[in-house]
Amino acid sequence: MQKQLKEQEPKDDDDWGQPPSPDTPENRKKALKAQIILGLVSFIGILVPGILYWLKLKG
């Protein structure tokens, strides 16, 4: 059974979807806050398995 998907053709070469949000101080603060949150989550995601592995080897 084959699925027939119709891909959307761009209307013209300039049609790249939604434009980026404007570069305002408020948007910069939001972006920085989001980057900090992502960084902390990533750091914890890397650190916790390492600590658990270290504790397993030690015990």
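Our structure's up above, just so we're on the same page.
Here is what the cut-offs are and how they apply
- Residues numbered from 1 in each chain as written.
- Predicted model: local features only at pLDDT ≥ 70, side-chain atom pairs only at ≥ 80, totals over all residues.
- Heavy atoms only, no water.
- Helix = DSSP H or I, 4+ residues; strand = E, 2+ residues; numbered from the N terminus.
- Buried < 20%, exposed > 50% of the residue type's maximum accessible area, 1.4 Å probe, protein only.
- Areas by Shrake-Rupley, 256 points an atom, 1.4 Å probe, with all protein chains shown as cover.
- Salt bridge = Lys/Arg side-chain N within 4 Å of Asp/Glu carboxyl O.
- Expected span 1.5 Å × (residues − 1).
- Patch = residues over 30% accessible without salt bridge, like charges linked within 9 Å, V, L, I, M, F, W, Y side chains within 5 Å.

(A) Region of the structure containing the overall build of the protein chain. Of the regular secondary structure elements, the protein chain holds one helix and zero strands. Every one of the 59 residues in the protein chain was classed for burial, and the buried ones make up 0%. Surface exposure of the protein chain reaches about 6,700 Å², of which carbon and sulfur atoms provide 62%.

(B) The pattern of salt bridges, seen in detail. Inspection of every chain in the model, using the stated rule, returns two salt bridges. The partner of Glu26 in a salt bridge is Lys30, with the nearest N and O atoms 3.6 Å apart. Remark: Lys30 and Glu26 occur in helix H1 (residues 25-58); sequence separation between them is four residues, near one turn of the helix.

(C) Highlighting H1. Taking 1.5 Å as the rise per residue, H1 with 34 residues should run 50 Å; its terminal C-alpha atoms sit 49 Å apart, in good agreement. Across the 34 residues of H1, zero count as buried, placing the element largely on the outside.

(D) Representation of a nonpolar patch on the surface within the structure. The grouping of Phe43, Ile44, Leu47, Val48, Ile51, Leu52, Trp54 and Leu55 at the surface amounts to a nonpolar patch, some 780 Å² of accessible area in total. Position of Leu52 among the secondary structure elements: in helix H1. Relative accessible area serves as the criterion here: at 53%, Leu52 is assigned to the exposed category.

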